[in-house]
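Examination of the molecular architecture
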Amino acid sequence: MMVVACMVFICVLIMTPILVKLMHTLTMSIQNYAIEASHKSQQLIIEKQRSDSLLYQMLPKSVAQQLKMHKTVNAEFYEQVTLFFSDIVGFTEISAASSPLQVVILLNKLYQIFDDILDHYDVYKVETIGDAYMVVSGLPNRNGSAHCAEISLMALELLKTTRDFPIPHMPGRTVELRIGCHSGSAVAGVVGNKMPRYCLFGDTVNTASRMESHGLPNRIHISVDMNKLLVKIRGFTTERRGVIEIKGKGEMETYWLLATDRPLRTLANGVALPDVTNSSVILKVKATNPQRSGPTTLSPSHQMAWGDFNSAL
């Protein structure tokens, strides 16, 4: 018995360091695994935030969340919204005299300023196509009667900020914007499954497009309906243009939006806008307010309404 006990004792003495080392190795492996899992989890969270940020730029946040949960997004009717359309005067001529890269640089720099200004207003960027830019207020989040003032202030600030915007590859030549706005009702909904688009429908879209295409350089052309709202809310200066023939609409009375006694938010807050004198190309996905950014392609439903842009140049 003594011999057996001695042998067991000797075995324990021999095995203890090995067991201790094994336990230490296992403990370190578990700790390393936990650290790596935590790191991977943080990376996953960051990547999810990036993908969500990109998604929320293409679709309104509320719509995107419903699509992520495989829910049906029903079209909604909005009784009162205000739409903004703009394009660059003479863009066809500018494009013909420029390389593709120069056109991309010009539009990217211009839209950087547009997007930064939009962040300070209760508006939603619907889409862009080439030099044409479409914004709406009053949807996807209803804002009562504020939509008209929001678009008007934004339009005035865009025009003021970009009035002397230089074309980088054409020294001495500046960008001239033509802007049109209209207030009315609209239907908004998601079209398509493979590449869903948040689209607007209704005569308000067509009328706003006509206001732009029948406007003049560096002026904001508005409908009589929008002018009535501005008179009602006060604080804006408009001028009657008169009755003109509008393509596809017949004779319409229209106005010019000239000025406001309200502060333009980006300029009033001293926000630094992108430096447009730098000729380097800056192509990036900007993480803006997810409710105020939209897709950069034109939905088929708007092709007819936007067709006037080219014919007006």
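Now for a look at the structure at hand.

Conventions adopted
- Residues numbered from 1 in each chain as written.
- Predicted model: local features only at pLDDT ≥ 70, side-chain atom pairs only at ≥ 80, totals over all residues.
- Heavy atoms only, no water.
- Helix = DSSP H or I, 4+ residues; strand = E, 2+ residues; numbered from the N terminus.
- Buried < 20%, exposed > 50% of the residue type's maximum accessible area, 1.4 Å probe, protein only.
- Contact = heavy atoms within 4.5 Å.
- Areas by Shrake-Rupley, 256 points an atom, 1.4 Å probe, with all protein chains shown as cover.
- Patch = residues over 30% accessible without salt bridge, like charges linked within 9 Å, V, L, I, M, F, W, Y side chains within 5 Å.
- Salt bridge = Lys/Arg side-chain N within 4 Å of Asp/Glu carboxyl O.
- Pairing = 2+ DSSP bridges.
- Expected span 1.5 Å × (residues − 1).
- Core = buried A, V, L, I, M, F, W, Y, C linked by side-chain atoms within 4.5 Å.

With that settled, consider the overall build of the protein chain. Across its full length, the protein chain holds 10 helices and 8 strands. Sorting the 313 residues of the protein chain into buried and exposed places 42% on the buried side. Within the protein chain, residue pairs in contact and separated by at least 24 positions form 74% of the contacts whose partners lie at least 6 positions apart. Looking at the protein chain as shown, the accessible area adds up to about 16700 Å², and 60% of this sits on carbon and sulfur atoms.

So, about a nonpolar patch on the surface. On the surface, L22, M23 and L26 cluster together into a nonpolar patch covering about 300 Å² of accessible area. Position of L22 relative to the elements: it lies in helix α1 (residues 2-58). Taking relative accessible area as the criterion, L22 reaches 47% and is therefore assigned partly exposed.

Before going further, it helps to examine the pairing of strand β4 (residues 177-191). Taking burial as the measure, the 15 residues of β4 include 11 buried ones, the bulk of the element. Where strand β1 (residues 76-88) meets β4, 11 bridges bridge the pair, whose relative direction is antiparallel. Within β4, the residue paired with V81 across the bridge is G184. Sheet analysis places β4 next to strand β6 (residues 219-223), joined by 4 bridges and oriented parallel. Paired with C181 across the strands is I222, a residue of β6. Taking the residues between adjacent antiparallel strands as the criterion, β4 and strand β5 (residues 197-201) are bridged by 5 residues, where G192 takes a positive phi near 100°.

This part is about the environment of D87. Along the chain, the position of D87 falls in strand β1. For D87, a relative accessible area of 0% gives the class buried. Separated by 42 residues in the primary sequence, D87 and I129 have C-alpha atoms spaced 9.5 Å apart.

Residues three or four positions apart in an α-helix share a direction because the helix packs 3.6 residues into each turn. In this model helix α5 (residues 147-162) runs 22 Å from its N-terminal to its C-terminal C-alpha over 16 residues, within 8% of the 22 Å that 1.5 Å per residue would give. Within α5, 14 of the 16 residues are buried, which leaves it mostly tucked inside the rest of the structure.

Attention now moves to the nonpolar core. Residues F84, M154 and I220 are the most contacted members of the largest nonpolar core, which totals 41 residues. When residues no more than four places from it in sequence are discounted, the contact partners of M154 are F84, L118, Y121, V123 and V135. In this structure, V73, Y124, V136 and A188 belong to the second largest nonpolar core, which totals 17 residues.

The omega torsion of the bond from L139 to P140 falls at 0°, within 30 degrees of zero and hence cis. A positive phi angle, near 60°, is found at N218, a position not held by glycine. For N218, the position within the fold is in the loop between α6 (203-213) and β6. Owing to a relative accessible area of 18%, N218 belongs among the buried residues under this scheme. In this model, R234 sits at a positive phi of 65°, which is unusual for a non-glycine residue. Here R234 lies in the loop between α7 (224-233) and β7 (236-246).

Under the definition given, this model contains 9 salt bridges. Salt-bridge contacts for E150 lead to R265; the nearest nitrogen and oxygen are separated by 2.7 Å. Here the residue E150 occupies a position in helix α5, and R265 occupies one in helix α8 (residues 265-268), the gap between them amounting to 115 residues. Exposure remark for R265: the relative accessible area of 27% places this residue in the partly exposed category. In this structure, a network of salt bridges that share partners links the residues D87, R178 and E212.

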